[in-house]
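Residue-level listing of the chains:
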2 protein chains.
Amino acid sequence: MDTEPTKIPQATAKRLPLYYRFINNLHSQGKLRVSSKELSEAVKVDSATIRRDFSYFGALGKKGYGYNVEYLLSFFRKTLDQDETTEVALIGVGNLGTAFLNYNFTKNNNTRIQVAFDADKRRVGTEVGGVKVEHIDDFENKIENIKVAILTVPSNAAQGMAERLIEAGVTAILNFTPARITVPPHVRVHHIDLAVELQALVYFLKHYPLEDGEEEE
Amino acid sequence: MDTEPTKIPQATAKRLPLYYRFINNLHSQGKLRVSSKELSEAVKVDSATIRRDFSYFGALGKKGYGYNVEYLLSFFRKTLDQDETTEVALIGVGNLGTAFLNYNFTKNNNTRIQVAFDADKRRVGTEVGGVKVEHIDDFENKIENIKVAILTVPSNAAQGMAERLIEAGVTAILNFTPARITVPPHVRVHHIDLAVELQALVYFLKHYPLEDGEEEE
DNA sequence: CTTACTATGTGAAACATTTAACGACTTCTC
DNA sequence: GAGAAGTCGTTAAATGTTTCACATAGTAAG
Ligand SMILES: NC(=O)c1ccc[n+]([C@@H]2O[C@H](COP(=O)([O-])OP(=O)(O)OC[C@H]3O[C@@H](n4cnc5c(N)ncnc54)[C@H](O)[C@@H]3O)[C@@H](O)[C@H]2O)c1
Ligand SMILES: NC(=O)c1ccc[n+]([C@@H]2O[C@H](COP(=O)([O-])OP(=O)(O)OC[C@H]3O[C@@H](n4cnc5c(N)ncnc54)[C@H](O)[C@@H]3O)[C@@H](O)[C@H]2O)c1
């Protein structure tokens, strides 16, 4: 569990799944080795940043050679716990929820939406993307071991649902509603606020014109 | 256009739409004033950070009083160009694309999806969320003034479509595909990689257990 | 074996962002 | 109208992240 030598910076941790995916792609393509420069072009992260990120885990590469794809892949598979599947619950089978269920993060992935809940009786009992939709009132009985939830309910239901989730043992929530939910300190919430993302993009477009030569994240 | 005194930090710029939304809420609720502390609790951003963010735009508040909601709202409306609507095109009317069309970022918002495109002839001609779906081959004729595109096509079509978009004059892309696209320097791309977000959340859950007292973004 | 090349891993610098702390001014209360 | 309480705006410190640049060690080739 505490395999890490010391704590990895958060910025690095957020890039790990990205690295993993691209290393996986290289592996499928039969590539045997890769340099930080090549990887940099693929994932659009500065090559020095990649080397620094990798170096937090020790010396994964060889000087003058680069990184062995096979080794890198197996290292990240271990580090990202790709061998054990994490079960996820989805709350709110509306527009967004349905899209996620149909997708279900199946490829190259250790996460799977195991069960979905909705308040609308017409949806309950149906199956979307191979996942059964249960009624939200049965919810406490059906999530036993699940620690991670995706929240795609209307925003006015978000805080209340979050509290029920936490009460039932959930400790990580991916919140797609615009509501900023309040949770106890042991619970982790990541907000993905799509309207904000779009507006921020427009703001940048208008106020930070990219002159040639400037790049970004 | 260059109304800003000096360049605002990117981290601040990304929070502006969030502030705007909450100030808007307060205004609808009839609140007349608000302190950085109250706002902090609502948006989950440290109050010092909020004061610092606002201060980039000059002195918006009054000492000992806080901020006048009406004034703040009208200031941000101006700053975020909420009076002119930005037209957006959506490419790829699949699971995700359909969800976005049905939602269409209508509330409190200056962005609107004006037109959608798909390669599948069965979808063309239909209307989703009040937006007409056009065939991707008619695309160059129909986006005239549009500068912003949301990309929700399969990942193997992403790079090619991005190039066509840019060729047609698009300069900002919100990319939901896992592909990291390559674009010329004058084009801005924001990646929203949902699978990565979910995996990162799981990684944090397992490797960065939150002890009581720790909070985060 | 020797020489030329390559690409890592990292110290140090640069840059960006957040947080603490507090003086100054406003409002509120009596 | 005086004193207490409240809250901004900002200076300075702390923290976090990215990038530069290069010594070092391994590869590749003759
Ligand atoms: N669709 C988008 O593109 C989009 C974009 C940005 C933000 N969002 C946000 O994501 C959330 C979901 O959006 P959507 O478009 O899927 O909405 P939606 O209305 O289509 O879906 C919400 C679903 O939640 C169900 N629901 C309501 N209360 C519930 C409860 N207490 N427990 C369980 N289920 C409940 C409803 O029956 C419905 O099926 C909203 O908060 C929305 O603001 C959506
Ligand atoms: N659905 C999700 O929850 C989810 C999650 C993470 C990532 N993604 C990514 O988002 C993207 C879209 O996902 P989705 O589930 O909506 O896929 P989807 O297959 O349901 O939709 C893709 C749509 O794009 C259309 N299309 C294909 N080629 C096109 C082209 N050249 N021009 C225009 N349209 C074209 C297809 O006809 C289809 O309607 C994918 O890259 C996927 O990896 C989706």
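Everything that follows concerns the structure shown earlier in this document.
Described below are features of the structure shown in this document. These numbers come from a predicted model, not from an experiment.

Here is what the cut-offs are and how they apply
Once a new chain begins, its residue numbering starts again from 1 and follows that chain's sequence as written. Starting at A for chains and at 1 for ligands, labels are handed out in the order in which the entities are written. For this predicted model, a pLDDT threshold of at least 70 governs which residues receive local features, and a threshold of 80 or more governs which side-chain atom pairs are given and counted, while totals over whole chains, interfaces and linings are taken from all residues. Each side-chain value is worked out from all heavy atoms of the structure, with water and hydrogens disregarded. Any residue with at least one heavy atom within 4 Å of a molecule or strand is counted as near it. Two N or O atoms count as a polar contact when they lie within 3.5 Å, although within protein this holds only if one can serve as hydrogen donor and the other as acceptor, and sequence-adjacent residues are included solely when both atoms are side-chain atoms. Elements are defined by DSSP. Helices are runs of H or I of four residues or more, strands are runs of E of two residues or more, and each kind is numbered from the N terminus. Classification used: nonpolar for Ala, Val, Leu, Ile, Met, Phe, Trp, Tyr, Cys and Pro, charged for Asp, Glu, Lys and Arg, polar for all others including Gly. Each residue's exposure class comes from its accessible area (1.4 Å probe, protein chains only) as a fraction of the maximum for that residue type: buried when under 20%, exposed when over 50%, partly exposed otherwise. Any two strands are treated as partners once DSSP identifies two or more bridges connecting them. The contact criterion used is simple: two residues touch if any of their non-hydrogen atoms lie within 4.5 Å. Comment: axis = line fitted to C-alpha atoms, over the contacting stretch for helices; angle = value between 0 and 180 degrees taken between N-to-C directions.

### Quick word on the site of ligand 2
Thinking step 1. The full set close to ligand 2 counts 22 residues, and A:Y103, B:N95, B:L96, B:D118 and B:V153 are the nearest of them.
Thinking step 2. At 3.0 Å, a side-chain N or O of A:Y103 approaches an oxygen atom of ligand 2.
Thinking step 3. Looking at the shell around ligand 2, the elements that each hand over two or more residues are α5 (95-103) of chain A together with α5 (95-103) and α7 (155-167) of chain B.
Thinking step 4. A class-by-class count of the residues in the shell around ligand 2 yields 13 nonpolar, 6 polar and 3 charged.

### Points about unusual backbone geometry
Residue and element names in this part refer to chain A.
Thinking step 1. The backbone phi angle of N104 is positive, close to 55°, even though this residue is not glycine.
Thinking step 2. Of note, N104 is situated in the loop between α5 and β4 (111-118).
Thinking step 3. According to the relative accessible area criterion, N104 is buried, its value standing at 7%.

### Description of the sheet that holds strand β7 (residues 148-151) of chain A
Residue and element names in this part refer to chain A.
Thinking step 1. The strand order across the open sheet built from 7 strands is β5-β6-β4-β3-β7-β8-β9, with neighbouring strands paired in mixed fashion. The sheet is open, and its two borders are formed by β5 (127-128) and β9 (188-191), each paired with just one other strand.
Thinking step 2. One ladder, built from 6 bridges, connects strand β3 (residues 86-91) with β4; its direction is parallel. Each bridged residue has a counterpart across the sheet, and for E87 the counterpart in β4 is R112.
Thinking step 3. Sitting on the sheet, helix α7 (residues 155-167) touches β3, β7 and β8 (172-175), and the angle it makes with β7 is about 170°.

### Considering the protein's contact with DNA strand C
Thinking step 1. Surrounding DNA strand C, one finds 27 residues, the nearest of these being A:S36, A:R52, A:G64, A:Y67 and B:K63.
Thinking step 2. Within 4 Å of the protein, atoms of DNA strand C come from sugar and phosphate in 56% of cases.
Thinking step 3. The separation between a base oxygen of DNA strand C and a polar side-chain atom of A:R52 is 2.5 Å.
Thinking step 4. Taking B:R51, its side chain carries an N or O atom lying 3.4 Å from a base nitrogen of DNA strand C.
Thinking step 5. For the surface near DNA strand C, the secondary structure elements donating two or more residues are α3 (47-55) of chain A together with α1 (10-28) and α3 (47-55) of chain B.
Thinking step 6. Taken together, the residues of the surface near DNA strand C break down into 7 nonpolar, 9 polar and 11 charged.

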